[in-house]
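# Structure assessment
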Amino acid sequence: MSISPGPSGSRIPLMFDFSSLQTLGEPAWLREKASSMGIEFDKGDIEKLGLFLACLLDANTRANLTAVTDHDKAWDRHVLDSLSLLAVLADLPEGASVIDVGTGGGLPGLPLAICAPHLKFTLLDATAKKIAFLDATISRLGLTNCTTLTARAEVAAHDIGTRADAKGITKREGAKREQFDAVVARAVGALKVLAEITVPFAKIGGTIALIKGAKAPQEIEEAQPVLHELKCVVDTIVPTPTGQIVVLGKRVATPRLFPRAEKVNSKKSKR
Ligand code: SAM
């Protein structure tokens, strides 16, 4: 199979060649519903969002990226659901960094990267094929504020980088732990597990914004012991047309123990 280098250095199989794809048309209700959520699109945003969906649905015929294939539902459950996070990220300054943990087909990170070009996004997933899809999509869209990372969150969140000495100053390069102004995620597990693999990525003072469904209050209740151990708090719950966003605040460093090894987070865990 032929391959080409992607933005993050990964090799893109030609099964993800989107060069001839055209944008997916917007539904008639899109702008009004977006406006009711406080979302106003800039010139070119909708065309790029439609092209992202075209890439996602095209690739989905060859790779398992999404169960939502109806066009209107894809605009609603992928694009608008992802963009519901814009309200939580609104106060981030120019150049602030955001990581999407367990991004899968780029949700919520890619629609956010399209509509918030002033922020820098890292899309992390454990599955190399999904990252290859994202690299091809980022290239097709011409996004320059988005990079990808193939890794398990439990490993990447412990990465404190390598020491680099320059002119007598010692600094660390390539670190992922406590490096991001905001952490986002959707559909990566129950809050008691998700908190453990997202909170360590945030800087002290950073925000962790997690898209959740109707069971958010119950998940928060179940997550209280681990939230306590992680030394983070539930700042707010933001209702959205599609669910609820749980916003965690991080005031102090995450204890080094976290996130614990993958096996602790398995379904067999007694936590
Ligand atoms: N966030 C996307 C969405 O909302 O459509 C994808 C959700 S999909 C159900 C869960 C994704 O999280 C998968 O792509 C999986 O590979 C990834 N994932 C699960 N656990 C992970 C971990 N510990 N580290 C990195 N990625 C993980």
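For the structure, see preceding data.
First, a word on scope: everything that follows refers to the structure included in this document. (Residues numbered from 1 in each chain as written. Predicted model: local features only at pLDDT ≥ 70, side-chain atom pairs only at ≥ 80, totals over all residues. Heavy atoms only, no water.)

### A closer look at the packing of aromatic side chains
The line we're drawing: Ring pairs shown here join Phe, Tyr and Trp side chains whose ring centres sit within 6.5 Å, with only the six-membered ring taken for Trp; geometry is labelled stacked below 30 degrees between planes, edge-to-face above 60, and tilted in between. Throughout this description, buried means an accessible area under 20% of the type-specific maximum (1.4 Å probe, protein chains only), exposed means over 50%, and partly exposed covers the range between. The way it works is that DSSP assigns letters per residue, a run of H or I at least four long becomes a helix, a run of E at least two long becomes a strand, and they are numbered from the N terminus.
Here the structure, examined in full by the defined rule, presents 4 aromatic pairs. Judged by centre distance (6.3 Å) and plane angle (45 degrees), the rings of Phe16 and Phe18 are tilted. Residue Phe18 is classed as buried on the basis of its relative accessible area of 2%. When the centroid spacing of 5.9 Å and the interplanar angle of 70 degrees are considered together, the rings of Phe16 and Phe133 count as edge-to-face. Of this pair, Phe16 sits in the loop between strand 2 (11–13) and helix 1 (30–36) while Phe133 sits in helix 6 (residues 128–141), and the two are 117 residues apart along the sequence. Given the relative accessible area of 3%, Phe16 is considered buried.

### Re the pattern of salt bridges
Definition in use: Between Lys or Arg on one side and Asp or Glu on the other, a salt bridge is scored when a side-chain nitrogen of the former is within 4 Å of a carboxyl oxygen of the latter.
If you walk through the whole model with that rule in mind, you get 10 salt bridges. Of the charged contacts in the structure, one is a salt bridge between Asp58 and Arg62, with a shortest N-O distance of 2.9 Å. The exposure class of Arg62 is partly exposed, given its relative accessible area of 37%. Across the pair Lys250 and Glu178 runs a salt bridge whose closest N-O atoms are separated by 2.7 Å. With a gap of 72 residues between them, Lys250 in strand 11 (residues 243–250) and Glu178 in the loop between strand 7 (169–173) and strand 8 (180–186) connect regions that are remote in the sequence. Accessibility expressed as a relative area gives 22% for Glu178, which makes it partly exposed.

### Examining the packing of helix 2 (residues 45–60) against helix 6
As a reminder, the rule being used: Interaxial angle, 0 to 180 degrees, is taken between N-to-C directions of lines fitted to C-alpha atoms, where a helix line uses only the stretch in contact. We call a crossing left-handed when the near helix sits turned anticlockwise from the far one by less than a right angle, and right-handed when that turn is clockwise. Between two residues, a contact is recorded if the distance between any of their heavy atoms is within 4.5 Å. For this classification, the nonpolar set comprises Ala, Val, Leu, Ile, Met, Phe, Trp, Tyr, Cys and Pro, the charged set comprises Asp, Glu, Lys and Arg, and every other residue, Gly included, is treated as polar.
Viewed as axis vectors pointing N to C, helix 2 and helix 6 meet at an angle of 145 degrees, and their least axial separation amounts to 10 Å. Where helix 2 crosses over helix 6, the two elements pack in a sense that is right-handed. Residues Lys48, Leu51, Phe52, Cys55, Leu56 and Ala59 of helix 2 pack against Phe133, Thr137, Arg140 and Leu141 of helix 6. Residue composition of the contact of helix 2 with helix 6, grouped by class: 7 nonpolar, 1 polar and 2 charged.

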